[in-house]
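Coordinate inspection notes
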Amino acid sequence: MDKTPSFSSQEGKPIRCKAAICRKAGEALVIEEIQVYPPQAYEVRIKILCTTLCHTDLAFSKYDSGPLAKFPRILGHEAVGVVESIGDHVDGFKQGDVVLPVFHPHCEECRDCKSSKGNWCSRFAEDLVSNTRRYGMASRFEDSMGEDIHHFFFVSSFSEYTVVDIAHLVKISPEIPVDRAVLLSCGVSTGIGAAWKTADIEEGSTIAVFGLGAVGLAVGEGARLRGAAQIIGIDINPDKFALGKKFGFTDFINPTLCGHKKISEVIKEIASGGVDYSFECVGKTSLLSEAFISTRTGTGKTVALGINPAAPAEVDSFGLFRGKNVCGSLFGGLKPKLDIPILVDRYLKKELNLDSFITHELKFEDINKAFDLLEKGKSLRCILWMDKK
């Protein structure tokens, strides 16, 4: 990566920079000059090098009601950057470090963070509505009129500079290209982690993945690296099938071409009675039910990666009684500070395929074009470069 720029003259002072602001639900983002205040205790101010967007950013740009609908707001939660300055009581980070901000906290101190059983952070993870992790609704962003701008998932990467709590920050090797590292900030890590941590796929396993977006394809990549024998992809977009082969998918099902058969019936035919593991990556309760039915009786495991809080899920209780199980997976069960460096290392060893996730690259100023590509299903991950001309 390029040499680290000099930040010494900006330490402790507000920084003026560009940000893409979502001012109203459903409207295009607006590039404006904002002011980013210095980090407080346990916080780090980061210069964003590049960022990406996913369907979560798209969804939250349209929410017009409820506690999570906040405007004006700086969205974005997949990024890579360089530490510009640090606040008090910050250990383990210094100016110039290459870092990934991550939406899921990892305080390393609470009972759950210290446990090997999962990746929940009981100290911080319950709060999704605050602007800053330890300071509630206090914002580090201010627009040209002096009004506060809301943060997003404690990251807000659609800005040239942002302020992130150390519980949401991972130091990574500067050897990995930043446009590959950025992919590990959310979606790709979630999918790989679901295969490795949540499901713990064994060599020779059979799996089915519902939805071949970045998360679903990453599940396939994780399964490939674990030596899965059969990886079945389910998606209504046939363009995803050629892409899926790059991540180890062996079979594909287009639900629109199944006729009167249910998806689970087709899967059971392909996988000789059902798959060992199924993954629902769309967030539709009907698909979760089909994913559950498609697994083997007695041992089948279904992992829910998509979410629709407004729609309760239903699964076959008799299937549960006969040994099948279903569970959720937040950030793929990964503990960010421990597991993301492992993924970086696997990429540097040329084992992990990150390159094929990148379908587009644009200047940051063209962020609305990136949203349009994502919404139309034409983009998997679009890299938005902050400084590229």
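Here, the structure is the one placed above.
No experiment lies behind these values; they were computed from the predicted model shown.

1. Observations regarding the packing of aromatic side chains
A full pass over the atoms with the stated rule returns 11 aromatic pairs. Plain terms: the ring middles of Phe103 and Phe331 are 5.8 Å apart, the flat faces sit at 85 degrees to each other, and that makes the pair edge-to-face. Of this pair, Phe103 sits in the loop between strand S5 (98-101) and helix H2 (111-114) while Phe331 sits in the loop between strand S14 (325-328) and helix H10 (336-348), and the two are 228 residues apart along the sequence. Since its relative accessible area comes to 17%, Phe103 is described here as buried. Ring geometry for Phe158 and Phe371: centres 6.1 Å apart, planes at 80 degrees, overall edge-to-face. Of this pair, Phe158 sits in the loop between strand S6 (141-142) and strand S7 (161-165) while Phe371 is found in helix H11 (residues 367-375), placing the two residues 213 residues apart along the sequence. By relative accessible area, which is 7% here, Phe371 ends up buried. By way of ring pairs, the aromatic residues Phe60, Tyr63, Phe103, Phe152, Phe153 and Phe331 are connected into one cluster. The cationic tip of Arg140 hangs over the ring face of Tyr135; the distance from NZ or CZ to the ring centre is 5.0 Å.

2. Topic: helix H8 (residues 285-293)
Every buried residue of H8 is accounted for by Leu287, Leu288, Glu290, Ala291 and Phe292. Where H8 is buried, its residues contact strand S9 (206-210), helix H7 (263-270), strand S12 (277-280), strand S13 (301-304), helix H9 (317-321) and S14.

3. Concerning the sheet that holds S13
The strand order across the open sheet formed by six strands is S11-S10-S9-S12-S13-S14, and the pairing between neighbours is parallel. Two strands close off the open sheet at either side, each with one partner strand: strand S11 (251-253) and S14. Neighbour-to-neighbour, the strand axes of the sheet open up by a mean angle of 20 degrees, direction not taken into account. Docked against the sheet, helix H5 (residues 214-225) engages S9, strand S10 (230-234) and S12, running at close to 165 degrees with respect to S9.

4. Regarding empty space enclosed by the protein
Across all of its chains, the model carries one cavity of 30 Å³ or more by this definition. Quantified by volume, the largest cavity comes out at close to 50 Å³. As for the largest cavity, its lining consists of Glu43, Asn131, Thr132, Arg133, His151, Phe154, Val163, Val164 and Asp165. No other element matches S7, which puts three residues into the lining of the largest cavity.

5. Observations concerning the environment of Leu212
Tracing the chain through its elements places Leu212 in the loop between S9 and H5. For the pair Leu212 and His106, spaced 106 residues apart in the sequence, the C-alpha separation amounts to 28 Å.

6. Some remarks on H7
Inspection of H7 places Ile263, Ser264, Val266 and Ile267 among the buried residues, and these make up the whole buried set. Mapping the buried residues of H7 onto a view down its axis gives an arc of 160 degrees, with all of them on the same face. Considering only its buried residues, H7 is in contact with S9, S10, S11 and H8. Phi turns positive, to about 55 degrees, at Ser272, one or two residues after H7.

7. Comments concerning the pairing of strand S16 (residues 381-385)
Across the five residues that make up S16, a large majority, five, are buried. Of the pairings in the sheet, the one linking strand S3 (residues 43-52) to S16 comprises two bridges and is antiparallel in character. Residue pairing across strands places Cys50 opposite Trp385, the latter belonging to S16. In this structure, strand S15 (residues 358-363) lies alongside S16, joined through five bridges in parallel fashion. By the bridge assignment, Leu362 is partnered in S16 with Leu384.

8. Details of the pattern of salt bridges
Applying the stated criterion to the full structure yields 23 salt bridges. Across the pair Glu269 and Lys261 runs a salt bridge whose closest N-O atoms are separated by 2.7 Å. Each of Arg23, Glu32 and Asp143 takes part in one network of salt bridges that share partners.

9. Focus on the packing of H7 against H8
Put simply, H7 and H8 touch, their axes get as near as 8 Å, and they point 25 degrees apart. Comparing the axis directions of H7 and H8 gives the class roughly parallel. For the pair H7 and H8, the sense of crossing is right-handed. Packed against H7, whose contacting residues are Ile263, Ser264 and Lys268, the element H8 presents Leu287, Glu290 and Ile293 at the interface. Looking at the contact of H7 with H8 residue by residue, the classes come out as three nonpolar, one polar and two charged.

10. Points about the nonpolar core
Counting 98 residues, the largest nonpolar core has Val80, Phe158, Ile172 and Phe279 as its most contacted members. Apart from the residues lying within four places of it in its own chain, the contact partners of Val80 are Ile48, Leu49, Cys50, Val98, Val99, Leu100, Pro101, Ile172, Val178, Ala181 and Val182.

11. Comments concerning the sheet that holds strand S2 (residues 30-36)
Read from one edge to the other, the open sheet built from three strands follows the order S1-S2-S6, with strand pairing classed as antiparallel. The strands lining the two open edges of the sheet, one partner per strand, are strand S1 (15-21) and S6. Strand direction decides the pairing type here: S1 and S2, joined by seven bridges, are antiparallel. What sits directly across from Arg16, in S2, is Gln35.

Criteria and thresholds
- Residues numbered from 1 in each chain as written.
- Predicted model: local features only at pLDDT ≥ 70, side-chain atom pairs only at ≥ 80, totals over all residues.
- Heavy atoms only, no water.
- Phe/Tyr/Trp six-rings, centres within 6.5 Å; stacked < 30°, edge-to-face > 60°.
- Helix = DSSP H or I, 4+ residues; strand = E, 2+ residues; numbered from the N terminus.
- Buried < 20%, exposed > 50% of the residue type's maximum accessible area, 1.4 Å probe, protein only.
- Lys NZ or Arg CZ within 6 Å of the ring centre and 35° of its normal.
- Contact = heavy atoms within 4.5 Å.
- Pairing = 2+ DSSP bridges.
- Axes fitted to C-alpha atoms, helices over the stretch in contact; angles between N-to-C directions.
- 1 Å grid on protein atoms, 1.4 Å probe; cavity = no way out; pocket = protein on both sides within 12 Å on 5 of 7 lines; lining within 4 Å.
- Points joined across faces, edges and corners; volume = space filled by probe spheres on them.
- Arc of directions from axis to C-beta.
- Salt bridge = Lys/Arg side-chain N within 4 Å of Asp/Glu carboxyl O.
- Parallel < 35°, antiparallel > 145°, perpendicular 65-115°, else oblique.
- Left-handed = near helix turned anticlockwise from the far one by under 90°.
- Nonpolar A, V, L, I, M, F, W, Y, C, P; charged D, E, K, R; others polar.
- Core = buried A, V, L, I, M, F, W, Y, C linked by side-chain atoms within 4.5 Å.

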